[in-house]
Amino acid sequence: MKLVALSFLLGATVVFLAMSFWQSAGAPAWAGYVKAAAEAGMIGALADWFAVTALFRHPLGLRIPHTAIIPTRKDVLGDSLGEFVGSNFLSEQVVRERLRRVGVARRLGGWLAEPANAERVTAELATVVRGAVTVLRDEDVQAVLEQAVVKRVVAVPWGPPLGKLLGGVFADGAHHKLVDLLCDRAYDWVKDNHGTVLRVVSDRAPNWSPRFVDSMVADKVYGEVLSFAWLVKTDPNHPMRLAIDKFLGEFAADLQSDQATMERAEQVKHQVLAHPEVQKLIGSAWATAKGMLLDAAEDPSSELRRRVREGLASLGRRLTDDDALRGKVDSWVEGAAAYVVLNYRDEITTLITDTVRRWDAEETSRKIELQVGRDLQFIRINGTVVGALAGLVIYSVAQLIL
């Protein structure tokens, strides 16, 4: 394009010289019109060449004021560009209006409702989970678990909340199945351990007692114990069962109000947490969870990925069909974008200005010239043509007047 623009200048110069020589040899009157047009075209071409060149460098190497504008005023131009972007694109009103026209929630819902897209998002989330879990060091996670979970569990008294929980369970009668199980097991144990009961009774008998008497007493005791166990098992209103209910209710109340019981509960808590098996379980909790997460993230057919995929697709359908939910999501998006714009606009525009400031001046000028230079060369071409036409008009008017 530079060659094309230069050819227009050279063409105007050749025409000007030819007309000048012809006029000196007695050319007709119309040659003056052509000469004037060519002369004005040369002037226009030279003026626009100067203007275009002055944007990127000093014309002919001469340091004329207000030339090489882009290299010398690069930083100022970067600051102006950052300010322009911040004022016209990063204003809260512009961002909210644009997001409102886009309809982020509806578009997102329609996109997520497609099974292929839901699967794609699930796969990306699985990749993120795998990366995060792999990067985390086990000892760091263990320390966090101990700080955030174990110490908080130790710090919170167990008595009152446990008593409140047990009180609700006992009041609803949900514990009766456990009592039934204990009664069944107690009866089965007595029934299956006849010899053990006889031996215990015999061992407690006096030395002077005859053995046949011990056997009779032991059989009688065993029968009574077995009968008692059977009655407790089969009668829901047996006094033993009622006594157990009363004891459990009082125990739940004591956990909430009795200081001695609450202190005993705290002692039990510390003993349980200090037990080696419990410590081993706490230490292996992250390793177990980590393995489960990695396995679930790796397997496309895992329950975790299936539920995430179904949840995303369901969310997409709701965003498409539920106007209220869609309005809330759009409001959240607009609010988040507005918050970012209001609080971080300067940082965003600084990214532009700092980036431009780091550019090399000559390299920046060259890149910009390569991007817009073709259009700028048309300015030179148009300057030649318009200058020629203007020169022709001025010469014609002067001839008419004179």
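Starting from 1, residues in each chain are numbered consecutively following that chain's sequence as written. With pLDDT at 70 or above as the cut-off, local features in this predicted model cover only qualifying residues; side-chain atom pairs require 80 or more to be listed or tallied, and sums for whole chains, interfaces and linings still use all residues. As a rule here, side-chain values come from all non-hydrogen atoms in the structure, and water together with hydrogens is ignored.

K.L.:
Can you walk me through the packing of aromatic side chains in this structure?
P.N.:
For any pair of aromatic rings, geometry is given as the distance between the ring centres together with the angle between the planes. The rule is short: rings of Phe, Tyr and Trp, with Trp giving its six-membered ring, pair when the centres are within 6.5 Å, and they are stacked under 30 degrees, edge-to-face over 60, tilted in between. Applying the stated criterion to the full structure yields four aromatic pairs. With a centroid separation of 5.2 Å and 80° between ring planes, the pair formed by Trp22 and Trp30 is classed as edge-to-face. Relative accessibility under 20% of the residue-type maximum defines a buried residue, over 50% an exposed one, and the middle range a partly exposed one, all with a 1.4 Å probe and only protein chains included. Look at Trp30 and you get partly exposed, because its relative accessible area is 47%. An angle of 70° between the planes, with centres 6.4 Å apart, marks the rings of Tyr339 and Tyr344 as edge-to-face. Relative accessible area serves as the criterion here: at 40%, Tyr344 is assigned to the partly exposed category.

K.L.:
Is there a simple way to think about the side chain of Glu334 in this case?
P.N.:
The helix and strand labels rest on DSSP assignments: H or I over at least four residues marks a helix, E over at least two residues marks a strand, and numbering proceeds from the N terminus. The residue Glu334 is located in helix 17 (residues 323-358) in this model. Polar contacts here mean pairs of N or O atoms no more than 3.5 Å apart (in protein, one a potential hydrogen donor and the other a potential acceptor; neighbouring residues in sequence count only if both atoms are side-chain atoms). A distance of 3.4 Å separates the side chain of Glu334 from the side chain of Arg100, its partner in a polar contact. Here, two residues are considered to be in contact whenever any of their heavy atoms come within 4.5 Å of each other. Apart from the residues lying within four places of it in its own chain, the contact partners of Glu334 are Arg96, Leu99 and Arg100.

K.L.:
Would you mind showing me how to read a nonpolar patch on the surface here?
P.N.:
Two joining distances apply to patches: 9 Å for like charges and 5 Å for nonpolar side chains (Val, Leu, Ile, Met, Phe, Trp, Tyr), and every residue must have over 30% relative accessible area and no salt bridge. Computed with the Shrake-Rupley method and a 1.4 Å probe, the accessible areas treat only the protein chains shown as cover for residues. Whenever Lys or Arg places a side-chain nitrogen within 4 Å of a carboxyl oxygen from Asp or Glu, that contact is recorded as a salt bridge. Taken together, the side chains of Val4, Phe8, Val385 and Leu389 define a hydrophobic patch exposed on the protein surface, amounting to about 310 Å² of accessible area. For the nonpolar patch, the secondary-structure elements that each account for two or more residues are helix 1 (2-24) and helix 18 (361-401). With respect to the secondary-structure elements, Phe8 resides in helix 1. Residue Phe8 is classed as partly exposed on the basis of its relative accessible area, which comes to 34%.

K.L.:
When you look at helix 6 (residues 104-113) in this model, what are you seeing that I'm missing?
P.N.:
Residues that lie three or four places apart on an α-helix share one face, since the helix turns once every 3.6 residues. Taken residue by residue, helix 6 has Ala105, Gly109 and Leu112 as its buried positions. Down the axis of helix 6, the buried set is contained in an arc of 70°. They therefore lie on one face. Contact partners of the buried residues in helix 6: helix 7 (115-135), helix 16 (303-321) and helix 17. Directions pointing from the helix axis toward each C-beta atom define the arc.

K.L.:
For this particular structure, what's the right way to read the environment of Val221?
P.N.:
As for its placement among the helices and strands, Val221 is situated in helix 12 (residues 211-234). Sequence spacing of Val221 and Arg120 is 101 residues, and the spatial spacing of their C-alpha atoms is 72 Å.

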